Each structure stands twice: as C-alpha cells, then as structure tokens.
Amino acid sequence: MYGMSERGNLVETLVELFDAEPIENILATRVFSPKTTVFLCDEKTPRRKRRVVETMLANWGMKTKTEFYQTDANCFDSILRVMEQILKKHPGCVFDFNGGRDLMLLAAGIFCKEHGVPGFFIDMASLRFYDVFGCACLKEKFILPRFRVKDILAGAGARIEGYGHYRPEKTDKEMADDVLKVWDILWSDQSAFAGQVGWFQQVLKNNGEEKSPALTAKAPVHFRVNDRMEVKAEEKVLQKLHEAGILTQLVYRDGQAGMTFKNEALRSCLTSHGIWLELYGFLKAYRTAWFNDVKTSVLIGWTEENDLPHSETRNEMDIMLVKGVTPVFVSCKMGQPTPLALSEVRLLSGRFGGELAKTVLLTASDVFHQNPALYNRARELGVAVIDKNDIAEDAVAQRLQQVASGSFRYRR
C-alpha cells in the first residue's frame, strides 16, 4: 500500500505515464501534492516537455520533487523493466493510469495487478476520480484545483506576454458599467456606431500614440480624409455617449464638434469597433463570478518546437476563461465570421488548451439564420457559436457557462 510521507502527504510517490496532454501530466500531482512524482516517458520525449512540468510545479510553489525515467514505449518488456526499477526505488508508489500510449497503459495495469501496487484513473471528460486498485482513501480527498489562465498556458509551454487592446485589471465597477453603456448604444444602431468609430479614428489618430493622450478633441463634423475617404460624425451617437457620461462635454459650433472624454481608456476604446464585443463578452463572464479566471485581449508568447534561437511566436486570444481545470477560448467577430476564423480559433484552443479546451465563436451577426453552412461547420469542429440571437436574449453569460460545463447545445 501507499504510505504517508514525512510531510504528511497522502501520496509518498506518484507515478505518471507521461502524455502529450500537459494537464494529464500534472493534475494528480496538483491535487495530492506527493513528495515525489516519477514520470515514465517514451525515450523520444523532448526535454522541453519535461521543463514544462517543472516550470508549472515551480510556479505553484510546490515542493514536489520530479524524476524522469525513459523507456521504449513500443516495447512491452522494456516498459516492465523500467517499472520494476521505479518500484524498487519507491516501494510505496501509486500509479496514475492517465496518459501514456496504449501499450504503456496496458503494461501499467498488468504490472500493478501482479505487484499489488495501488492505482487510480481520472476521467478527463467528466473529471471524476476512479479507484482502480486500493485508492479509496484518495477518492475521498479528490478535489479539483482551480487553474488560472497562466496555468493553462504554462502547461502548453506558453505564457501571458501582455494584453493587446485592453488590460483586464483596468476593469473596476465604474469602468464595467461604462462599457456596458457603450455596448447598448452600439447595439441599438451598429451602422451608426461604426461610422462614429471611423470619425474618432481620424480625429484622434494624431495623439493616439502619446503617453498621455488628450481627453479633449475638436474637428469638423464632416470632412474628407483623402480622395477616396470622408468621415462624418454621427450626432445621435455622440449625443447618447454624452447622456451616458462617456463624453463629459459635447459642443457643436460652426460646423465643428468638440468633446471631452471621461478617461483615457474609453477614449482609446472608442477608436475601435470590434473591441466592444470582446469587452461585452469579457464582462458578461466576469460578472457571473463563476469562472476561476477571466481575461481579455491576451497576448500569448511561446517558443516554437524547434527550440531554435529567435523562434518566439505570438498569438492573441480575444477572451480566455477557466472553470476548474477547463479552459475556454473565445474568438469575437462583430461581422459575419469566415470558415478561416473557425479553423484559427479551433487550432489555437487545441494548441494552448489541449483536449480539455472548449472553443467558442462569439459574433454579433446572425450565423444561425443567415449562414447555416458556417453554423453546421462549427458544429462539426466542436466550436460553440454564440451569436446575435443569444446577445438579444441576454444569454451570453449563460451560454459561456454551458460551454465550460459541457452542457452547451447547438440550435436546431
């Protein structure tokens, strides 16, 4: 039987069958905090994949020691020989029957049965613990950890490198209320709001890169930018922004519109049309207080698998959510999304979230009615679609919770 460590750990030594899925490699270690975790790897497993495990444990401040044993994962006898070495060094070990190739799992089951070694299995679909051999005590103590976005990314050898359009920590209650006020104005007339954003872009671009951009602006209501483009202020939109307190002053005089923005964050966001759907989805999820972590406009940095110098790569995810150990990747599209957009978000969610990841396309367009082919393609790819119909029903937060919990259903 497994023994208690000197630190009082439930498990003295945990044996993991190293897997391509990072969460499967570290979940049991995170839950039971063993004194030592032994990873049985295929001899072709790259060293950088081991570093991912070590980095995650260090980030959590865990004192668990790690050992790595290599074997030929295609040779049954080789696998058994290495398992015997592990058992000889760690006679009180417990096996986790998650991960590894089929032959390694088969060998582990036979080995534990013949040697009376306890073992368990965590069903990654339901996230339930199963006592296979002599682990009833562990089943009683099994509680899922609460991962954060940085934990999910670390498991994929990636990290948060910053934020693009908007930093989530800027969101206090007042800012959140202001964002939702702007969203209501946008939603009431998307075309007019898009036109006003175009006007803001031209008027504010000259001071947009300053460290402290001016909060006041003044420009002709209607003017030509170049031979092919002209912009016009949407007076109804500006008036609504003023009434909502987003613009603290608004004056029309001699064909000019003058205004003062409430703060720099709002001033900056008003030069972008698409950011408002990201902020809306982010706040709807954030205000549920149901998710462990909610981020928006996440810049993801990672090193390509060749491990060569200068192989750093960056991606951006509009919204990232985590519930328990389940990550949700959300791509936001104000307009009608394309098949490429579906493929991109599905690819990124798999790359950074693994098999546990859930994928969402959040769009202000009516994909279900106006683009059934795309909707069906999303269903085939396993991408949940939250569209104009869900926004109109104020059901975005509910749909995101359904996605994370595995209860999302496509419209029919």
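Each chain carries its own residue numbering, running from 1 in the written order of its sequence. In view of the model being predicted, local features appear only for residues whose pLDDT reaches at least 70, and side-chain atom pairs are presented and counted only at 80 or more, with totals across whole chains, interfaces and linings using the full set of residues. Hydrogens and water molecules were not included; the side-chain quantities draw on all heavy atoms of the structure.

### Examining a nonpolar patch on the surface
Residues qualify for a patch when their relative accessible area is over 30% and they have no salt bridge, like charges being joined within 9 Å and the nonpolar side chains of Val, Leu, Ile, Met, Phe, Trp and Tyr within 5 Å. Surface accessibility follows the Shrake-Rupley procedure with a 1.4 Å probe radius. Residue values consider only the protein chains on display as shielding. Salt bridge criterion: a side-chain nitrogen from Lys or Arg within 4 Å of a carboxyl oxygen from Asp or Glu. A contiguous nonpolar surface patch, about 230 Å² in accessible area, is contributed by F121, Y130 and V132. Along the chain, the position of F121 falls in strand β5 (residues 119–123). Relative accessible area serves as the criterion here: at 32%, F121 is assigned to the partly exposed category. Here a strand is any run of E in DSSP of at least two residues, a helix any run of H or I of at least four, and the numbering for each starts at the N terminus. Remark: exposure states derive from per-residue accessible area (1.4 Å probe, protein chains only) relative to the maximum for the residue type, with buried under 20%, exposed over 50%, and partly exposed in between.

### Considering the pattern of salt bridges
A full pass over the atoms with the stated rule returns 18 salt bridges. Across the pair D293 and R148 runs a salt bridge, and its minimum N-O distance is 3.3 Å. Separated by 145 residues along the polypeptide, D293 in strand β13 (residues 293–303) and R148 in the loop between α5 (136–141) and α6 (149–155) bring together distant segments of the chain. For D293, a relative accessible area of 5% gives the class buried. You can call R148 partly exposed: its relative accessible area is 38%. Across the salt bridge formed by R411 and D390, the nearest N and O atoms sit 2.8 Å from each other.

### Quick look at the sheet that holds strand β1 (residues 13–17)
By way of backbone hydrogen bonds, the strands of a sheet pair with one another, either parallel or antiparallel. A pair of strands is treated as paired once DSSP finds two or more bridges between them. Reading across from one edge, β3-β2-β1-β4-β5-β6 is the order of the six strands in this open sheet, with mixed pairing throughout. Where the open sheet ends on each side, the last strands, each with one partner, are β3 (65–71) and β6 (128–133). Within this sheet the neighbouring strands show an average axis-to-axis angle of 25°, counted without direction. Running at roughly 165° to β3, helix α2 (residues 47–59) makes contact with β2 (36–42) and β3 of the sheet. Lines fitted to C-alpha atoms define the axes, with helix axes restricted to the stretch in contact, and inter-axis angles between N-to-C directions lie between 0 and 180 degrees. Should any heavy atoms of two residues lie within 4.5 Å, those residues are considered in contact.

### With respect to the state of the cysteines
The definition used for a disulfide is geometric: two cysteine sulfur atoms within 2.5 Å. Applying the stated criterion across every chain yields a total of zero disulfides. Just so you know, C93 is unpaired, no disulfide at all, and the nearest cysteine sulfur is the one on C112, 7.0 Å from it. By relative accessible area, which is 1% here, C93 ends up buried. When its relative accessible area of 1% is taken as the criterion, C112 is described as buried.

### Let's talk about the packing of helix α7 (residues 173–188) against helix α11 (residues 275–286)
It is at 10 Å that the axes of α7 and α11 come closest, and there the two elements cross at 125°. If you check the angle between α7 and α11, you find them oblique. Between α7 and α11 lies a crossing whose hand is left-handed. Seen from α7, the contacting residues are A176, V179, L180, V182, W183 and L186; seen from α11, they are W276, L277, L279, Y280 and L283. Here the contact of α7 with α11 is composed, by residue class, of 11 nonpolar, no polar and no charged. Roughly parallel here means an angle under 35 degrees, roughly antiparallel means over 145, roughly perpendicular means 65 to 115, and every remaining angle is called oblique. Rotating anticlockwise by less than a right angle from the far helix to the near helix defines a left-handed crossing, while the corresponding clockwise rotation defines a right-handed one. For this classification, the nonpolar set comprises Ala, Val, Leu, Ile, Met, Phe, Trp, Tyr, Cys and Pro, the charged set comprises Asp, Glu, Lys and Arg, and every other residue, Gly included, is treated as polar.

### Here we look at the sheet that holds strand β12 (residues 256–261)
Spatially, β8-β12-β11 is the arrangement adopted by the three strands of the open sheet, whose pairing is antiparallel. Looking at the sheet topology across the chains shown, the edges are occupied by β8 (216–220) and β11 (247–253). Neighbour to neighbour, the strand axes of the sheet diverge by 15° on average, direction disregarded. Summarising the sheet, β8 and β12 pair through five bridges and their orientation is antiparallel. When the sheet's bridge partners are listed, P220 is paired in β12 with Q256. Across the sheet, helix α9 (residues 235–243) lies against β11 and β12, angled at about 145° from β11, the strand it touches most.

### What to know about helix α16 (residues 396–405)
Most of α16 sits out of view: seven of its 10 residues are buried. Those residues of α16 that sit buried are V396, A397, R399, L400, Q402, V403 and A404.

### Brief notes about the confidence of the model for the chain
Of the residues in the chain, 93% reach a pLDDT of 70 or more, and the chain-wide mean stands at 90. Counting contacts from residues 1–7, a segment whose pLDDT is below 50, to residues more than four positions away or on other chains yields 25 contacts. Overall, residues 306–311 carries pLDDT values under 50, and its contacts beyond four positions in sequence, including any with other chains, amount to six contacts. Per-residue confidence from the predictor is given as pLDDT, running between 0 and 100.

### Brief notes about the layout of surface pockets
Cavities and pockets are defined on a 1 Å grid built over the protein atoms alone: a cavity is a set of grid points where a 1.4 Å probe fits but cannot escape, while a pocket is an open set with protein on both sides within 12 Å along at least five of seven lines, and lining residues are those with an atom within 4 Å of any such point. Grid points are joined across faces, edges and corners, and a volume is the space filled by probe spheres set on the points. Volume-wise, the second largest pocket comes out at about 250 Å³. What lines the second largest pocket is a set of 16 residues, among which A125, L127, T326, K358 and A404 lie closest to the centre.

### Quick notes on the packing of aromatic side chains
A pair of Phe, Tyr and Trp rings is counted when the ring centres sit within 6.5 Å of each other, with Trp represented by its six-membered ring. The angle between the planes then sorts it: under 30 degrees is stacked, over 60 is edge-to-face, the rest tilted. The full count for this structure, using the stated rule, is 23 aromatic pairs. Put simply, the rings of F32, F120, F129 and F142 touch in pairs and so form one group of aromatic residues. We call a charge positioned over a ring when the NZ of a Lys or the CZ of an Arg lies within 6 Å of the ring centre and within 35 degrees of the ring normal. One Lys or Arg, R351, reaches over the ring of W302 and ends 4.2 Å from the middle of that ring.

### What about the environment of N315?
Within the secondary structure, N315 is located in strand β14 (residues 312–323). For N315 and E161, which are 154 residues apart along the polypeptide, the C-alpha to C-alpha distance reads 9.8 Å. As used in this structure description, the phrase polar contact means that two N or O atoms lie within 3.5 Å; if the pair is within protein, one of them must be able to donate a hydrogen and the other to accept it, and residues adjacent in sequence are counted only when both atoms belong to side chains. Separated by 2.7 Å, the side chains of N315 and W302 make a polar contact.

### Examining the pairing of strand β15 (residues 326–333)
Counting buried positions along β15 yields seven of eight residues, so the element is predominantly enclosed. Bridging between β15 and strand β16 (residues 358–363) involves six bridges; their strand directions are parallel. Within β16, the position partnered with K333 by the bridge is T363. Running through helix α12 (residues 339–353), the crossover from β15 to the neighbouring parallel element β16 is right-handed. Crossover handedness is defined here as right-handed if the route from the first strand over the helix to the second strand goes clockwise, with the strands pointing away from the viewer.

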